Amino acid sequence: MKKTFLITFLVYMGLTIFSCDNPKENVFSTTLNSHTVDSLELTSTAFFKMDTLKQVPSYIQPLIKGKVTRVFKVDFDGDGKLDFICQYKPVTNIDKADFLEDWITSDKRLFKRLKKYSMDFDFFWFVNLDKDPEPEIFTATGYDDGIDYAFYDQDLKTLQDNLLFYFNPIIIENSKHYWGYPWDITDLIIKYDSKNIYLQSSVDNDIERDGNITIPDTTKQFPAIFFKGHSTQSDMKVEAIRNIKWSTLDELK
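All of these numbers come straight from a predicted model, not from anything done at the bench. (Residues numbered from 1 in each chain as written. Predicted model: local features only at pLDDT ≥ 70, side-chain atom pairs only at ≥ 80, totals over all residues. Heavy atoms only, no water.)

Peer 1: Which parts of the structure should I look at to understand the overall build of the protein chain?
Peer 2: When its secondary structure is counted, the protein chain shows one helix and 20 strands. By the burial criterion, 49% of the 253 residues in the protein chain qualify as buried. A separation threshold of at least 6 residues defines the contact pool for the protein chain, and within that pool the share at least 24 residues apart is 58%. Of the roughly 13,100 Å² of accessible surface on the protein chain, 49% is carried by carbon and sulfur atoms. (Helix = DSSP H or I, 4+ residues; strand = E, 2+ residues; numbered from the N terminus. Buried < 20%, exposed > 50% of the residue type's maximum accessible area, 1.4 Å probe, protein only. Contact = heavy atoms within 4.5 Å. Areas by Shrake-Rupley, 256 points an atom, 1.4 Å probe, with all protein chains shown as cover.)

Right, dumping it as structure tokens:
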């Protein structure tokens, strides 16, 4: 699971509808754990649209006190309006961080400021996994000797991102399973009905992780979560997965 990339990179890309069970169908019936869900709808795009801007819009520039290195435009609070995430090196680095990250709302309000530290890999996406309006955050962060993959729940009142769980990312491509390196992932495979959102997943797997990664004491086995994408390492096939299901976020915590 090692690959040398010394650049922070963020990916967004929408692919066409895809289902592991039947690529031609986007409505089907299945048994989910102890309950049956009929007519699940497959989402064509799960990740929120996120654009990388070439320059900071003039109307938010006064809020940023430093040299901007990257700025993203995305609806991070789920209100249907595009917000901004600005990464920059502060004029006076009193926070002892490598850089700061300001989250600025569509109405030009500083929502939160994060201290950030340089890593070999720092990917993140926004995706709605429950019925709350605000999206969850999928992160893939770490170094050349290990990457942590996790979902976080945003709390817009406390401004804290609460860890939901770590997992093993798996890309489904041409009915085969490959390790989901963040630079190969293009979208998350989810379906929904009137009550819930479901992730394609498996908690019955023998995937062994090597490298320097975070393994909580309470975790015996990471669930496998399935993604769309294109594997750039065809030798990284994953075979030790059984009982693939559609599960809610609560069932996977």
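Peer 1: Please clarify how the sheet that holds strand β11 (residues 160–166) should be interpreted in this entry.
Peer 2: Hydrogen bonds along the backbone pair up the strands of a sheet, which may run parallel or antiparallel. Strand order in this open sheet of four strands is β8-β9-β10-β11, and the pairing throughout is antiparallel. At either margin of the open sheet sits one strand with a lone partner, and together these are β8 (121–127) and β11. Recorded for the sheet is a direction-independent mean angle of 30° between the axes of neighbouring strands. Inspection of the sheet shows β8 paired to strand β9 (residues 136–143) by seven bridges, in the antiparallel sense. In the strand pairing of β9, Phe126 is matched with Ile137. (Pairing = 2+ DSSP bridges. Axes fitted to C-alpha atoms, helices over the stretch in contact; angles between N-to-C directions.)

Peer 1: Would you take a moment to explain the sheet that holds strand β6 (residues 99–104) for this structure?
Peer 2: The sheet built from five strands is open, its strands ordered β3-β4-β5-β6-β7 with antiparallel pairing. Strands at the two margins of the open sheet, each flanked by one partner only, are β3 (51–53) and β7 (110–116). When the angles between neighbouring strand axes are averaged without regard to direction, this sheet yields 20°. Across three bridges, the pairing between β3 and strand β4 (residues 66–74) is antiparallel. Bridge assignment links Thr52 to a residue of β4, and that residue is Phe72.

Peer 1: For this particular structure, what's the right way to read the nonpolar core?
Peer 2: Across soluble globular proteins, nonpolar side chains show a tendency to be buried alongside one another. Of all hydrophobic cores here, the largest spans 40 residues; its most connected members are Phe138, Phe151, Leu188, Leu199 and Ile225. With residues up to four places along the chain from it excluded, the contact list for Phe138 reads Phe47, Phe123, Phe124, Trp125, Tyr149, Ala150, Phe151, Phe167, Ile185 and Phe227. Membership of the second largest hydrophobic core comes to 11 residues, among which are Met50, Phe72, Trp103 and Phe126. (Core = buried A, V, L, I, M, F, W, Y, C linked by side-chain atoms within 4.5 Å.)

Peer 1: Could you clarify how one ought to interpret the pairing of strand β5 (residues 83–90) in this entry?
Peer 2: Regular strands place their side chains on alternate faces of the sheet. For β5, the buried fraction is high: seven of the eight residues fall into the buried class. Relative to β5, β4 is paired through eight bridges, and the arrangement is antiparallel. Paired with Val74 across the strands is Asp83, a residue of β5. Alignment of β5 against β6, held across five bridges, turns out to be antiparallel.

Peer 1: Looking at this structure, how should I read the confidence of the model for the protein chain?
Peer 2: It should be kept in mind that the predicted coordinates are not to be read in detail where pLDDT is low. Per-residue confidence for the protein chain averages 84 on the pLDDT scale, and 83% of its residues sit at or above 70. A low-confidence stretch, residues 1–38 stays under pLDDT 50, and its non-local contacts, those more than four residues away or across chains, total 99 contacts. (pLDDT = per-residue confidence, 0-100.)

Peer 1: What am I meant to see in the packing of aromatic side chains here?
Peer 2: Aromatic rings in a pair are described by how distant their centres are and how their planes are angled relative to each other. All chains considered together, the criterion is met by 22 aromatic pairs. Arranged with centres 6.1 Å apart and planes meeting at 85°, the rings of Phe124 and Phe126 form a pair that is edge-to-face. As far as burial versus exposure is concerned, Phe124 and Phe126 are alike and both buried. Site record: aromatic cluster; members linked through ring pairs are Phe47, Phe121, Phe123, Trp125, Phe138, Phe151, Phe165, Phe167, Tyr181, Trp183 and Phe227. (Phe/Tyr/Trp six-rings, centres within 6.5 Å; stacked < 30°, edge-to-face > 60°.)

Peer 1: In this structure, what is going on with the pairing of strand β13 (residues 176–179)? I would like to understand it.
Peer 2: Pairing of strand β12 (residues 168–173) with β13, which is carried by four bridges, proceeds in the antiparallel orientation. If you follow Ile170 over to β13, its bridge partner there is Trp179. Following β12, the chain reverses through two residues before pairing antiparallel with β13; Asn174 in that reversal takes a positive phi of roughly 55°.

Peer 1: What is the right way to read the pattern of salt bridges from this model?
Peer 2: Oppositely charged side chains may form a pair once their charged atoms are brought near each other. Scanning all chains against the criterion turns up seven salt bridges. Its salt-bridge partner being Asp161, residue Lys112 comes within 3.2 Å of it at the nearest N-O pair. Taken together, the residues span a long stretch of sequence, with Lys112 in strand β7 and Asp161 in strand β11 at a distance of 49 residues. Residue classification places Asp161 among the partly exposed residues on the basis of a relative accessible area of 30%. (Salt bridge = Lys/Arg side-chain N within 4 Å of Asp/Glu carboxyl O.)

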